[in-house]
Amino acid sequence: MVQERHNPKRRNMLAESRLISEWVAATYPGRGAHFQYRVGSTPDIPGIDITDEGEVAWARSVNRRVDAVIEPPPELVVVEAKMWDASSAIGRLQEYLLLLPASPDFPRWRGYPIVPVLLTAQHDPVAQHLAEKSGIRYVFWEPDWIGEWYAMYPARRRRAPHIGLVERLVSRAEWSAADTRGVDLRSTAPLEPDTGASG
């Protein structure tokens, strides 16, 4: 088992950085990529005249950072990675997409399709459902080191909560949204409680 060397927050950040760098290298070999890319325009700072690249970098240090941006062609890919709680990244991705057109590099990317991606090493059916409903590509990817990394945490953190129940609820919700005219809903069997035995 991997020995504890970092506090939990730092360890999580390092794992997310490793996850996304390896996934980008494997999925987009040879493509230009920017990690921890700051989106949005350069802020105006009262009383300071920003004149060189160092000052620009300093001024932009307050901007939001997306985990990775992969340059086109054929598309501009915007990626946020999560080790768990992947659904929390959906709102962030939407915020980054809102700010991206104001970024200094965007004019040379204009005209290419923008593909937002939620990358996670822990399958989360809620995140997948919400991401796909929001037009975000959901990617579940497990590198060979991921099992050892998750082994450092309690069993309850090694999988998204209530996976079996959530998958059945999502399935039932999608079924209910379909045309059910003439169907006696009282005759449908209730969902069984989730025992955690299946994913």
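Structure's up top.
Being a predicted model, the structure only gives us computed values, none of them experimental.

A. Geometry of the overall build of the protein chain. Counting secondary structure elements, the protein chain contains six helices and five strands. Counting from the amino terminus, the protein chain carries its helices and strands in the arrangement α-β-α-β-β-α-β-α-β-α-α. Sorting the 199 residues of the protein chain into buried and exposed places 34% on the buried side.

B. View of the packing of aromatic side chains. Going through the model one piece at a time under the given rule, you end up with five aromatic pairs. On the basis of an interplanar angle of 80° and a centroid distance of 5.6 Å, the ring pair of tryptophan 23 and tyrosine 28 is categorised as edge-to-face. Among the residues examined, tryptophan 23 registers a relative accessible area of 5% and is labelled buried. Ring geometry for tyrosine 37 versus tryptophan 109: centroids 5.8 Å apart, planes at 50°, classification tilted. You can see tyrosine 37 sitting in strand E1 (residues 33-38) and its partner tryptophan 109 sitting in the loop between helix H3 (88-99) and strand E4 (114-120), a full 72 residues away along the chain. Grouping residues by exposure puts tyrosine 37 and tryptophan 109 together as buried. Of the aromatic side chains, those joined through ring pairs into one cluster are Trp84, Trp149 and Tyr150.

C. How the structure looks around helix H4 (residues 125-133). Taken together, the buried positions of H4 are Pro125, Ala127 and Ala131. Taken down its axis, H4 places every buried residue within 160° of arc, on the same side. N-cap assignment for H4: the residue whose side-chain oxygen lies 3.1 Å from the backbone N of valine 126 is aspartate 124.

D. Seen up close, unusual backbone geometry. Look at the link from proline 72 to proline 73: it is a cis peptide, with omega at 0°. Tracing the chain through its elements places proline 73 in the loop between strand E2 (65-70) and strand E3 (76-82). Proline 74 follows proline 73 through a cis peptide bond whose omega is 5°. Following the sequence through the fold, proline 74 ends up in the loop between E2 and E3. Positive phi, close to 50°, is recorded for glutamine 36, a residue that is not glycine. Although it is not a glycine, aspartate 85 adopts a positive phi angle of roughly 55°.

E. Spotlight on the sheet that holds E4. The strand order E1-E2-E3-E4-E5 describes an open sheet built from five strands, whose pairing is mixed. Because the sheet does not close on itself, it has two edges, and the strands there are E1 and strand E5 (137-140). If you compare each strand with its neighbour and ignore which way they point, the axes differ by 30° on average. Where E1 and E2 come together, five bridges link them in antiparallel fashion. Considered in E2, the bridge of arginine 38 is made with arginine 65. Strands E1, E2, E3, E4 and E5 of the sheet are contacted by helix H1 (residues 8-27), whose axis makes an angle of about 145° with E3. Lying on the sheet, H3 is in contact with E2, E3 and E4; it crosses E3 at an angle near 150°.

Parameters and conventions
- Residues numbered from 1 in each chain as written.
- Predicted model: local features only at pLDDT ≥ 70, side-chain atom pairs only at ≥ 80, totals over all residues.
- Heavy atoms only, no water.
- Helix = DSSP H or I, 4+ residues; strand = E, 2+ residues; numbered from the N terminus.
- Buried < 20%, exposed > 50% of the residue type's maximum accessible area, 1.4 Å probe, protein only.
- Phe/Tyr/Trp six-rings, centres within 6.5 Å; stacked < 30°, edge-to-face > 60°.
- Arc of directions from axis to C-beta.
- Polar contact = N/O pair within 3.5 Å; in protein donor to acceptor, adjacent residues only side chain to side chain.
- Pairing = 2+ DSSP bridges.
- Axes fitted to C-alpha atoms, helices over the stretch in contact; angles between N-to-C directions.
- Contact = heavy atoms within 4.5 Å.

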